[in-house]
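# Overview (structure and organization)
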Amino acid sequence: MSTPPPFDDSRRLTGPNLYFAGTGAVLETGIGAPVAPALLDAWRHAIARARAALDWPEGPTLAREHATGASLAFTAPADALYAATEVNEWAWLSALAGAGLDIGEPALQPGHAPSGDAGAALRILRAVAAAEHLPRLAALRRAAMVHALPLLLDDEQLSIGMGSGSRTWDNASLPAPDEVPWEALHAIPVALVTGSNGKTTSVRLLTAIAMAHGWHTANSCTDGLYLDGGLIEEGDYSGPGGARALLRHRQAQAAILETARGGMLRRGLGVERADVALVTNVSPDHFGEYGIHDLDGLAQVKLTVARAIAADGTVVLNADNALLRRHADSVPAQLAWFSCDDDHPLLRQARADGRGSCGVREGRLLLFDGTRSHDLGALSDMPLTLGGLAAHNVQNCAGAALAASRLGIGAETIATVLGRFGRAHGDNPGRLQRWTLGGGIQAWVDYAHNPDGLQHLLELVRRAHVGPGRLHLLLGQAGNRSDAAIAELAATAAAFAPERIVLKDMDGAYMRGRASGAVPGVLRAALLASGVPADAITECLDEVAAARMILADARAGDSLVLPVHGSASRARVVALLDRLQDQDWAPGQPLPVEPAGA
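Keep in mind that this is a model prediction, so the values were computed, not measured.

## Regarding the overall build of the protein
- The number of helices and strands found in the protein is 17 helices and 24 strands.
- Taking the principal axes of the C-alpha coordinates as reference, the protein spans close to 80 × 60 × 50 Å.
- Restricting to contacts in the protein with at least 6 residues of sequence separation, those with at least 24 account for 64%.
- Of the roughly 23400 Å² of accessible surface on the protein, a fraction of 52% belongs to carbon and sulfur atoms.
- Between the centroid of the 50 positive side chains of the protein and the centroid of its 64 negative side chains there is a distance of 2 Å.

## Remarks on the packing of helix H1 (residues 37-54) against helix H3 (residues 118-132)
- Relative orientation of the contacting elements H1 and H3 amounts to 55°, with a least axis distance of 10 Å. When the axis of H1 is compared with that of H3, the two are oblique. Seen from above, H1 lies across H3 with right-handed handedness. Residues Arg49, Ala50, Ala53 and Leu54 of H1 form the contact with H3, whose own contacting residues are Ala118, Leu122, Leu125, Arg126 and Ala129.
- Split into classes, the residues belonging to the contact of H1 with H3 amount to seven nonpolar, no polar and two charged.

## Digging into empty space enclosed by the protein
- If you walk through the whole model with that rule in mind, you get two cavities of 30 Å³ or more.
- Within this model, the largest cavity holds a volume of roughly 80 Å³.
- Elements with a contribution of two residues or more to the lining of the largest cavity: helix H6 (240-247), strand E12 (254-258) and helix H7 (261-266).
- Here the lining of the largest cavity is built from residues that sort into eight nonpolar, six polar and one charged.
- Within this model, the second largest cavity holds a volume of roughly 40 Å³.
- If you go around the second largest cavity, the residues you meet are Ala448, Leu454, Leu474, Leu475, Gly476, Leu489, Pro563 and His565.
- Of the residues belonging to the lining of the second largest cavity, the class tally is six nonpolar, two polar and no charged.

## Concerning the state of the cysteines
- The full count for this structure, using the stated rule, is zero disulfides.
- Here Cys221 is not disulfide-linked; the sulfur of Cys397 is the nearest cysteine sulfur, at 17 Å.
- On the accessibility criterion, Cys221 (1% relative accessible area) is buried.
- Left unpaired, Cys397 is separated from the closest cysteine sulfur, that of Cys358, by 9.0 Å.
- We classify Cys397 as buried; its relative accessible area is 1%.

## Quick notes on H3
- Between its first and last C-alpha atoms H3 spans 21 Å; for 15 residues at 1.5 Å apiece the expected length is 21 Å, and the two agree.
- Of the residues making up H3, those classed as buried are Ala120, Ala121, Leu122, Leu125, Ala129 and Glu132.
- Lining the buried residues of H3 we find H1 and helix H2 (81-98).
- At the N-terminal boundary of H3, the capping side chain belongs to Asp117, with an oxygen 3.3 Å from the backbone nitrogen of Gly119.

## Quick notes on the side chain of Ser339
- Summarising the element assignment, Ser339 is placed in the loop between strand E15 (334-338) and helix H10 (345-352).
- The buried category is assigned to Ser339, whose relative accessible area is 1%.
- Here the side chain of Ser339 touches Asp341 through a polar contact of 2.9 Å, landing on its backbone nitrogen.
- Dropping the residues within four chain positions of it, Ser339 is found in contact with Ala319, Asp320, His344, Leu347, Cys358, Gly359 and Val360.

## Section: the nonpolar core
- Grouped together as the largest cluster of nonpolar side chains are 48 residues, with contacts concentrated most on Val190, Leu192, Leu247, Leu257, Val315 and Leu317.
- Ignoring any residue separated from it by four or fewer positions in sequence, one finds Leu317 in contact with Val279, Leu303, Leu324, Ala328, Leu335, Ala336, Trp337 and Phe338.
- Of all hydrophobic cores here, the second largest spans 39 residues; its members include Val203, Ile209, Ile256 and Val316.

## Points about the packing of aromatic side chains
- Scanning the model with the defined rule gives one aromatic pair in all.
- For the pair Tyr19 and Phe20, a centre-to-centre distance of 6.5 Å together with 50° between the ring planes defines the contact as tilted. Exposure class is identical for Tyr19 and Phe20. Each is buried.
- The ring of Tyr447 has Arg431 lying over it, and the distance from NZ or CZ to the ring centre is 4.2 Å.

## Thoughts on the sheet that holds strand E23 (residues 537-539)
- Strands sit in the order E19-E20-E24-E21-E22-E23 across an open sheet of six strands; the sheet is mixed. Sheet topology places strand E19 (433-436) and E23 at the edges, where each strand pairs with a single neighbour. Each neighbouring strand pair of the sheet contributes to a mean axis angle of 15°, computed without reference to strand direction.
- In this sheet, strand E24 (residues 559-563) lies alongside strand E21 (residues 471-475) in parallel orientation, the contact comprising three bridges. Each bridged residue has a counterpart across the sheet, and for Leu471 the counterpart in E24 is Ser559.

## Some points on the packing of helix H14 (residues 483-494) against helix H15 (residues 518-529)
- The geometry of H14 relative to H15 is characterised by a closest axis approach of 8 Å and an angle of 50° between their N-to-C directions. By the criterion of interaxial angle, the relationship of H14 to H15 is oblique. Judged by the twist between their axes, the crossing of H14 over H15 is right-handed. Judged by residue contacts, Asp483, Ile486, Ala487, Leu489, Ala490 and Ala494 of H14 engage Val519, Val522, Leu523, Ala526 and Leu527 from H15.
- The residue inventory of the contact of H14 with H15, partitioned by class, reads 10 nonpolar, no polar and one charged.

## Brief notes about the confidence of the model for the protein
- On average, residues of the protein score 92 in pLDDT, and 95% of them are at 70 or above.
- This stretch, residues 105-110, has a pLDDT under 50; its non-local contacts, to residues over four places away or in other chains, come to four contacts.

## Observations concerning the sheet that holds strand E4 (residues 69-75)
- Taken together, four strands build an open sheet; the order of strands is E1-E2-E4-E3 and the sheet is antiparallel. Each having just a single partner strand, strand E1 (7-13) and strand E3 (61-66) make up the two edges of the open sheet. Averaged over all adjacent pairs, the angle separating strand axes in this sheet is 15°, with direction ignored.
- Bridge analysis of E1 against strand E2 (residues 24-29) gives six bridges, and the strand direction is antiparallel. In the sheet register, Phe7 faces E2, and the bridge partner there is Thr29.

The rules behind these values
- Residues numbered from 1 in each chain as written.
- Predicted model: local features only at pLDDT ≥ 70, side-chain atom pairs only at ≥ 80, totals over all residues.
- Heavy atoms only, no water.
- Helix = DSSP H or I, 4+ residues; strand = E, 2+ residues; numbered from the N terminus.
- Contact = heavy atoms within 4.5 Å.
- Areas by Shrake-Rupley, 256 points an atom, 1.4 Å probe, with all protein chains shown as cover.
- Lys, Arg positive; Asp, Glu negative; His and termini not counted.
- Charge placed at Lys NZ, Arg CZ, Asp CG, Glu CD.
- Axes fitted to C-alpha atoms, helices over the stretch in contact; angles between N-to-C directions.
- Parallel < 35°, antiparallel > 145°, perpendicular 65-115°, else oblique.
- Left-handed = near helix turned anticlockwise from the far one by under 90°.
- Nonpolar A, V, L, I, M, F, W, Y, C, P; charged D, E, K, R; others polar.
- 1 Å grid on protein atoms, 1.4 Å probe; cavity = no way out; pocket = protein on both sides within 12 Å on 5 of 7 lines; lining within 4 Å.
- Points joined across faces, edges and corners; volume = space filled by probe spheres on them.
- Disulfide = S-S within 2.5 Å.
- Buried < 20%, exposed > 50% of the residue type's maximum accessible area, 1.4 Å probe, protein only.
- Expected span 1.5 Å × (residues − 1).
- Polar contact = N/O pair within 3.5 Å; in protein donor to acceptor, adjacent residues only side chain to side chain.
- Core = buried A, V, L, I, M, F, W, Y, C linked by side-chain atoms within 4.5 Å.
- Phe/Tyr/Trp six-rings, centres within 6.5 Å; stacked < 30°, edge-to-face > 60°.
- Lys NZ or Arg CZ within 6 Å of the ring centre and 35° of its normal.
- Pairing = 2+ DSSP bridges.
- pLDDT = per-residue confidence, 0-100.

Here it is, written out as structure tokens:
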């Protein structure tokens, strides 16, 4: 019988996180569940001994047990996080060795603290911590606190203040406190946006509202970093690195930061302080990573954003989401609620308490700013809601409007943006975009990447579909989902009985360790098991080629659902659909040849 690995993962926590509000390290045990209490006690004892030897302050030492083991986390100084991972690994390996378990230590890299000789281990750990230490950091942090200013630190740089009120230095040349231009520094309004679905749409809408308010607004999302709607850098910047990059941009007067589950679990939040956190919803996704195996654990991860909310800030939650209602009592911040029903009990209570709310009454979106109510307009006049058909976008409008209000933006500005945002495809690329082509064909492009998102999309398409036309679906999934999660996505698709499903790879970073064609293979098997006929399933691994295949096969009245995930692929598909719509293309006509180099 093979020896299990001593741990699955060991990583730094560079900001507020699932376990505590500071910096530190976490290790994922690799011996399965349950973890013996004696092992956890021995690990805690070793952490305490290392802290004393390194002269680190006391702080939380937490063991979060779960279905496959335990996450072992403890706080450590922000300029000693690589050393903290070494401490965590040494403490865990020492606990295993003390219990007589074979840890396979000879396979460890040279330079790691040995588990069998505590004195030698602590000497190595002191040397690692000393090499990482920033002598001026503590004084700078104290001075920043005196001036009530945020401080951001990463591997290479330290900044004080935010955006237009920030200054940044290389870690190798930090200033003394009296060399910092304190009078020139200030914070800027910051909103964090998280949730299982609707994050990017909410970020874009909230950014548009902030820009209309007159702020030069930076935003980060899964598509890139932006300032005033202009792309700064393309890529998935929904983690802490993207947040810190924007908060150091000297032109930014406000920041709207998409805050994804993965970044929070890997590194924590990118900021220690924000004014508003918006949580759109919590639904099944990404189970099995970093010890998160159920919806309650996922909700706790999403609500990590509350750890960064200032004392006078607000956490904005979706009252229509049962998970958020269940976990709301654990949030240590003022709550504001939004819903598709303005008469929801949580919204009524918020108004009675003088807190914010936003909900729908008789087809109109009503905002309560804590003092008075404002009519933001009819849902039918808000392009993002597709005449009120897109219920999830009604929620996104309500959540973004409420978050904007908590940032201090007036109701008139919010209403104006809601009345125009989504009218142009460029407002919200890749999210619920619709084209009407010849023969009444409806083509939809959306990011739908999990069962809940796909369910909402297909329900909307079914409500919007007129006539006897067929339903075509492009289907793929990221490689880091489990086979069970991939099968659940397929079952969601099968429930809508599409006449044709084209299976694809999600290229590039989305492959995440899977071989080409592996995910389509899992999808095919699950579709067949759900009763989809074999002749209704086609495989075309390239996203753009798959979308073109569906268009080439379309007939009058068909609905074409095209979840395209790669940003480059999506740009090509969108350009093709724009061209088909402009040219009054009709089904049966040849598709235009793509430009050379596309």
